Amino acid sequence: MDHADFPTRISLDEALAIIGQVSAARRPAAERVPTSRADGRVLAADVVAPVALPGFDNSAMDGFALRHADLHPDAATALRLAGEQFAGRDLGLAPATGQCVRITTGAPMPEGTDTVLIKESAVLDGDMVLVPAGLARGANVRRRAEDVQVGDVVLHAGQVLSPARIGLAASLGIDRLAVSPRPTVAVFASGDELVEPGLPLQPGQVYNSNRDQLMAQLRGLGLEPVAWPTLPDDPARIAAVLDDAVDSFDVVVTCGGVSAGEKDHLPPWLRARGRIHFWKVRMRPGMPVLFGQAGRALVLGLPGNPVSVLATFTLLGRAVLDGLQGRSEPRTRWRACLSAPWRKRHERLELLRGQLGQGDGAGLQVLPNPADGSHRLRAASGSDALIVLDEGVRDYAAGDLVEVVPL
């Protein structure tokens, strides 16, 4: 295939840059959803505070609200209890000089009071409260707007709505949020050798693990992917099925059939049906990965080996979905020390499977799994991170700092 009209054998950074640009250009219009159901979604618009937080001065503790000016500077002070203010409706209490009010956490501060003595520090004698010396002015009081002022931009477009961010929006009285729609995703595995789990194997056949693995990865991102039947090694039938899928979904992800063999029909189909943005990335595993567009869909063709699917979707597939949703926050990447040496014998960027752990000190360590073949799914199942080794031949020593991507 002539590669003159699309880049090939590019670096991972180049691939991610292309994915970011292409997916951002195809981002759909925002939708509004209930705040109570927006967890995990990506904000499509800034959130501006319509009210202050707190909305009024209130007590941070159970205790007694008082005027600090009534206290003796160097001795205990006796104040007369003049009422009770619980959390809820403001009773409009206004204690006089030398008086205090029993108060609970979150209750509005009575008029004129500015300090709260916690219940545990008070000594009660009938309706008198003894306040020990040394209580600081403003102690145990939450001031109006000390957290959020009206008009503050409290959440930004592109942020993922975590539980705390959902709580913040709800605390401001916001019942609906503008978010990016969740992309619809069709998932395919390809190859005449594939048999569905639960059925008997014939000589030369293998079970279809890629589709279930990829579906699990997508569901882990909060999506609801649709699994399609396995694609046969027949270009006409592949085209008929994929032509339908790319007109019905936002993203089409395939596994297998993207290399340059006799049965690798996906690159010529994509070039004829739409456009290839890149084919092949200088990484191991996963070099034959294919990215383009056709119909209404972005198309990501992953290699056929199961560990290649795991690695390429983690780094590239998530980037496609993040770009379509306008996510501005980068995925988690850490730095960790290798807990065993590793000899890198090839030029491509390498994605090892590894296990994260705590070292003798406070630092993070990662142990590479020696079973590094792209078919070694058992080794991948015992790993919780990808170890990213840069391009170039190199010997890594135990203790060397490397980048890791949690799986």
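Residues numbered from 1 in each chain as written. Predicted model: local features only at pLDDT ≥ 70, side-chain atom pairs only at ≥ 80, totals over all residues. Heavy atoms only, no water.

> Would you mind showing me how to read the nonpolar core here?
Soluble globular proteins tend to pack their nonpolar side chains together in the buried interior. Judged by nonpolar contacts, the single largest core of 37 residues is most densely connected at L214, F278 and F291. With near-sequence residues (within four places) excluded, F278 lies in contact with P7, I10, A15, I18, I19, V289, L290 and F291. (Core = buried A, V, L, I, M, F, W, Y, C linked by side-chain atoms within 4.5 Å. Buried < 20%, exposed > 50% of the residue type's maximum accessible area, 1.4 Å probe, protein only. Contact = heavy atoms within 4.5 Å.)

> Looking at this structure, I do not really get the side chain of D264. What am I missing?
Along the polypeptide, D264 turns up in the loop between β18 (251-255) and α5 (266-273). The charged side chain of D264 is buried without a salt bridge, its nearest counter-charge being K280 at 8.5 Å. If we ignore the near neighbours within four places in the chain, the residues touching D264 are G257, V258 and S259. (Helix = DSSP H or I, 4+ residues; strand = E, 2+ residues; numbered from the N terminus. Lys, Arg positive; Asp, Glu negative; His and termini not counted. Salt bridge = Lys/Arg side-chain N within 4 Å of Asp/Glu carboxyl O.)

> Hey, could you run me through the sheet that holds strand β21 (residues 290-294) in this one?
Pairing between the strands of a sheet comes from backbone hydrogen bonds, and it takes one of two forms, parallel or antiparallel. The sheet built from seven strands is open, its strands ordered β1-β19-β21-β22-β18-β14-β17 with mixed pairing. With partners counted over all chains shown, the strands left at the sheet margins are β1 (8-10) and β17 (226-227), one partner each. Of the pairings in the sheet, the one linking β21 to strand β22 (residues 297-302) comprises five bridges and is antiparallel in character. Bridged to F291 within β22 is L300. Strand contacts of helix α4 (residues 235-246): β14 (185-189), β18, β21 and β22, with the helix running at about 150° to β18, the strand carrying the most contacts. The strands that helix α6 (residues 306-325) touches are β14, β18, β21 and β22; relative to β22, the one it contacts most, it runs at about 170°. (Pairing = 2+ DSSP bridges. Axes fitted to C-alpha atoms, helices over the stretch in contact; angles between N-to-C directions.)

> Is there a simple way to think about the pattern of salt bridges in this case?
When their charged atoms lie close together, side chains carrying opposite charge are able to pair. Applying the stated criterion across every chain, the model contains 18 salt bridges. Between R284 and E350 there is a salt bridge, with its nearest N and O atoms 2.9 Å apart. With R284 in strand β20 (residues 283-284) and E350 in strand β25 (residues 349-358), this residue pair connects regions lying 66 residues apart in the sequence. Among the residues examined, R284 registers a relative accessible area of 26% and is labelled partly exposed.

> Help me understand α4, please; the structure alone is not making it clear to me.
Relative to the 16 Å expected for 12 residues at 1.5 Å per residue, α4 spans 16 Å between its end C-alpha atoms, a close match to the ideal helical length. All of the buried residues along α4 are I238, A239, L242, A245 and V246. With its buried residues spanning 130° around the axis, α4 presents them on a single face. Turned more than 90 degrees from where α4 packs its buried face, A236, R237 and A240 sit exposed. (Expected span 1.5 Å × (residues − 1). Arc of directions from axis to C-beta.)

> Looking at this model, I keep getting lost on the environment of V241. Mind explaining?
Looking at the secondary structure, you find V241 in helix α4. Residue V241 is classed as partly exposed on the basis of its relative accessible area of 27%. In this structure, the C-alpha to C-alpha distance between V241 and L66, residues 175 residues apart in sequence, is 75 Å. Beyond its immediate sequence surroundings of up to four residues, V241 is in contact with F188, W228 and L231.

> For this particular structure, what's the right way to read the packing of aromatic side chains?
Here the distance between the centres and the angle between the planes together describe a pair of aromatic rings. All told, the structure shown has four aromatic pairs when counted by the stated rule. Plain terms: the ring middles of F188 and W228 are 5.0 Å apart, the flat faces sit at 50° to each other, and that makes the pair tilted. Taken together, the positions of F188 in strand β14 and W228 in the loop between β17 and α4 put the pair 40 residues apart, joining distant regions of the chain. W228 shares its class with F188; the two are buried. Over the aromatic face of W279 sits the side chain of K280, whose NZ or CZ is 4.7 Å from the ring centroid. One residue, R394, lies across the ring of Y396, its end atom 4.0 Å from the ring centre. (Phe/Tyr/Trp six-rings, centres within 6.5 Å; stacked < 30°, edge-to-face > 60°. Lys NZ or Arg CZ within 6 Å of the ring centre and 35° of its normal.)

> What's the story with the pairing of β18 in this structure? I'm lost.
Sheet faces and side chains relate simply in a regular strand, where the side chains alternate between the two faces. Most of β18 sits out of view: five of its five residues are buried. In β18, alternate side chains face the same way, and those of V251, V253 and C255 on one face and V252 and T254 on the other are all buried. Sheet topology note: the β14/β18 ladder contains five bridges and is parallel. Note on β18: the bridge partner recorded for V185 is V251. As defined by bridge partners, β18 adjoins β22 across five bridges and the pair is classed as parallel. Paired with V252 across the bridge in β22 is V299.

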